[in-house]
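Structure assessment
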Amino acid sequence: MSHDQRRILTGITTSGTPHLGNYVGAIRPAIAASRRADAESFYFLADYHALIKTGDPARVQQSTLEIAASWLACGLDPDTVHFYRQSDIPEIPELTWFLTCVTAKGLLNRAHAYKAAVDQNSAAGEDADAGITAGLYMYPVLMAADILIFNAHEVPVGRDQIQHIEMARDIGQRFNHLYGGDYFTLPEARIEENVATLPGTDGRKMSKSYDNTIPLWLPAKDLRKAILGIVTDSRAPGEAKDPETSNIFAIYQAFANADETAAMRRAFADGIAWGEAKQALFERVDAELAPMRERYDALVAEPERIEKLLLDGARRVREIGSPLLRRLRDAVGIRPLDEIHGSVRGGASRDRVTSTGSALPQLKSYREADGKFYFKLEAADGALLLQSRAFAAPKDAGRLSAALVEAGDDATAIAALLSQCVPDAASVLPNEAIIAALARLKADKLAKKTQKN
């Protein structure tokens, strides 16, 4: 990621067939955002979230295939964006636990989905938490981990999901405060101003739970039938109709351009018949979906192709998420016992001491269990300042770590080097602590060289 790019992340739960609401509220705006020159886009299939909503394993698997094919058919280019499956990223559940340990219960009590379930129980005279799982209650924390593990700047969502992004900000900010570092970028919700929550066929929010959806990939004949079934009021042909309260108009506006929307608004004022309005809606929706429908049918016939794309995407994003998780493990104290931070017996260890006797930052090189080589920069007190990406050869890690020391306090040179050796350079720059530590290491190196001469 270049320093001027913004990370954009979105996903859809794999618990049902994609519908028009998914397309308008998430898929279409997210894919449009991926084409921005200043964007680095992350798309994930949220199959862990699906387990909250369904206990049907076959449905979870089939829906994963259908949603993956949907995004690809709608124009997602896996060569230019990050496309992966949530369950292929082990860093996400680990981060979920770290965040759980700093999240206030009161914050989760205010989550809309949980409050709605409690209110429904109370209205029925049941115990407030009857039938409510811990999964539903903890949903916002898992969603925060999805976002924060890649330090996303923007999350395209429907209006009903804005609270979850605000909660992710609160949780990330609390972690940063408690552990004294800028570990997480605080995300922002991004919605299309002209697209509210899309109504279903019965006028309520389009949702699988209401059984009022219009599936995204219906054949044209079935799509028309579904649209003709949308509930309308009893106003007769020739009688003016209110576009602000019409389900037909709300869906039409989500697909139409400004001129088409204005024309339909005038038609409502002139008393267009509901049957005529529904036909116009069908024609507008089908014109946009028909080319993508053909691509979708071809993709679902090749599940092995989609599986390969998802695994490749997971491999690439883990190169971004794994180094951050190592920093977070260090921050919370999940550390190797042979790397006790701070003083050891007899005071600071020899390699942490300068020629004048003061504690010195350290650049440590090491090999992980994955067989790859890494290095990390620690402050004099042992706090982790930066963590490198994985290198196949030790000489590559050594060359870059030596170059960082040689850069000293040259912020421009350090930024250029970090772009080569740290997967998420933007999250650690500008960072005065890193610059100061490297300047001290260079100064100590020069002092030792002078003493030797």
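Residues numbered from 1 in each chain as written. Predicted model: local features only at pLDDT ≥ 70, side-chain atom pairs only at ≥ 80, totals over all residues. Heavy atoms only, no water.

This part takes up the overall build of the chain. Each helix and strand in the chain was counted, giving 16 helices and eight strands. Seen through its principal axes, the chain has C-alpha atoms that stretch 100 × 50 × 40 Å. Expressed as a percentage of its 453 residues, the buried residues of the chain come to 48%. Contacts spanning at least 24 positions in sequence make up 71% of the contacts within the chain whose residues lie at least 6 apart. Total accessible area on the chain is roughly 21700 Å²; 51% of this is exposed by carbon and sulfur atoms. Seen as two clouds, the 54 positive and the 60 negative side-chain charges of the chain have centres 5 Å apart. (Helix = DSSP H or I, 4+ residues; strand = E, 2+ residues; numbered from the N terminus. Buried < 20%, exposed > 50% of the residue type's maximum accessible area, 1.4 Å probe, protein only. Contact = heavy atoms within 4.5 Å. Areas by Shrake-Rupley, 256 points an atom, 1.4 Å probe, with all protein chains shown as cover. Lys, Arg positive; Asp, Glu negative; His and termini not counted. Charge placed at Lys NZ, Arg CZ, Asp CG, Glu CD.)

Leu20, Tyr23 and Phe83 are the most contacted members of the largest nonpolar core, which has 52 residues in total. Excluding residues within four positions of it along the chain, Leu20 makes contact with Leu198, Met206, Ile214, Leu216, Phe255, Val285 and Leu289. Leu9, Ala46, Val102 and Ile132 belong to the second-largest nonpolar core, a separate cluster that totals 47 residues. (Core = buried A, V, L, I, M, F, W, Y, C linked by side-chain atoms within 4.5 Å.)

This brings us to the packing of helix α10 (residues 247-255) against helix α11 (residues 258-269). Helices that pack against each other are described as a pair by the angle of their axes relative to one another and the distance between those axes. At their nearest, the axes of α10 and α11 sit 9 Å apart, and the two run at 165° to each other. Classified by the angle between their axes, α10 and α11 sit roughly antiparallel to one another. Judged by the twist between their axes, the crossing of α10 over α11 is right-handed. On α11, the residues that touch Phe249, Tyr252 and Gln253 of α10 are Glu260, Thr261, Met264, Arg265 and Phe268. (Axes fitted to C-alpha atoms, helices over the stretch in contact; angles between N-to-C directions. Parallel < 35°, antiparallel > 145°, perpendicular 65-115°, else oblique. Left-handed = near helix turned anticlockwise from the far one by under 90°.)

Within helix α4 (residues 91-100) the residues assigned to the buried category are Glu91, Ile92, Leu95, Thr96, Phe98 and Leu99. Viewed end-on, α4 has its buried residues packed into an arc of 165°, placing them on one side of the element. Taken together, the buried residues of α4 touch α7 (134-148), α8 (162-179) and α13 (303-332). (Arc of directions from axis to C-beta.)

This part covers the pattern of salt bridges. Evaluated as defined, the whole model comprises 26 salt bridges. With its nearest N and O atoms 2.9 Å apart, the salt bridge here joins Arg318 to Glu91. Highlighted residues: Arg318 in helix α13 and Glu91 in helix α4, separated in sequence by 227 residues. On the basis of relative accessible area, Arg318 is assigned to the partly exposed category, the value being 34%. Accessibility expressed as a relative area gives 6% for Glu91, which makes it buried. The network of salt bridges with common partners includes Arg6, Arg36, Asp38, Glu154, Glu188 and Arg190. (Salt bridge = Lys/Arg side-chain N within 4 Å of Asp/Glu carboxyl O.)

As a packed pair, helix α3 (residues 57-73) and α13 sit with axes 10 Å apart at the nearest point and diverge in direction by 80°. Here α3 is positioned roughly perpendicular relative to α13, judged by the angle of their axes. Taking contact as the criterion, the partners of Leu65, Ala68, Ala69 and Leu72 in α3 are, on α13, Pro303, Ile306 and Leu309. The class makeup of the residues in the contact of α3 with α13 is seven nonpolar, no polar and no charged. (Nonpolar A, V, L, I, M, F, W, Y, C, P; charged D, E, K, R; others polar.)

Counted at 1.5 Å a residue, the expected span for helix α1 (residues 20-34) with its 15 residues is 21 Å, and the 20 Å between its end C-alpha atoms agrees. Remark: the principal bend of α1, roughly 35°, maps to Ile27, with a proline, Pro29, within the next four residues. The element α1 is extensively covered by neighbouring structure, given that 13 of its 15 residues are classed as buried. (Expected span 1.5 Å × (residues − 1). Bend = angle between axes of the 7 residues up to and from the residue.)

Of the residues in the chain, 91% reach a pLDDT of 70 or more, and the chain-wide mean stands at 88. Mean pLDDT values over the elements of the chain span from 80, in helix α16 (residues 432-452), up to 98, in α4. (pLDDT = per-residue confidence, 0-100.)

Right, let's get into the side chain of Asp146. Examined against the element boundaries, Asp146 turns out to sit in helix α7. Of the side chains with opposite charge, Lys53 comes closest to the buried, unpaired Asp146, at an N-O distance of 11 Å. Among the polar contacts made by the side chain of Asp146, one reaches the side chain of Gln86 at a distance of 2.8 Å. Excluding residues that lie within four positions of it along the chain, Asp146 makes contacts with Leu9, Phe44, His49, Gln86 and Ile92. (Polar contact = N/O pair within 3.5 Å; in protein donor to acceptor, adjacent residues only side chain to side chain.)

Sheet architecture is open: three strands sit in the order β6-β7-β8, paired in antiparallel fashion. Bordering the open sheet on either side are β6 (362-367) and β8 (384-387), each of which pairs with just one other strand. Averaged over neighbouring strand pairs, the angle between their axes works out to 25° when direction is ignored. Sheet analysis places strand β7 (residues 373-378) next to β8, joined by three bridges and oriented antiparallel. If you follow Lys376 over to β8, its bridge partner there is Gln387. (Pairing = 2+ DSSP bridges.)

Moving on, we get to the environment of Leu178. Its place among the elements puts Leu178 in helix α8. Judged by relative accessible area, Leu178 falls into the partly exposed class, the value being 44%. A sequence separation of 159 residues divides Leu178 from Leu337, and the C-alpha atoms of the two residues are 23 Å apart.

What follows deals with the pairing of β7. Among the six residues in β7, six count as buried, and that is most of the element. Pairing between β6 and β7: six bridges, direction antiparallel. Bridge pairing in β7 places Lys364 opposite Lys376. Here β6 hands over to β7 after five residues, with Gly371 in that stretch at a positive phi of 85°.

It is worth spelling out the layout of surface pockets at this point. As a volume, the second largest pocket reaches approximately 740 Å³. At the level of secondary structure, the elements contributing two or more residues to the lining of the second largest pocket comprise α4, α13 and α15 (411-421). Ranked by residue count, the leading element in the lining of the second largest pocket is α13, at ten residues. Looking at side-chain class alone, the lining of the second largest pocket contains ten nonpolar, three polar and 14 charged residues. (1 Å grid on protein atoms, 1.4 Å probe; cavity = no way out; pocket = protein on both sides within 12 Å on 5 of 7 lines; lining within 4 Å. Points joined across faces, edges and corners; volume = space filled by probe spheres on them.)

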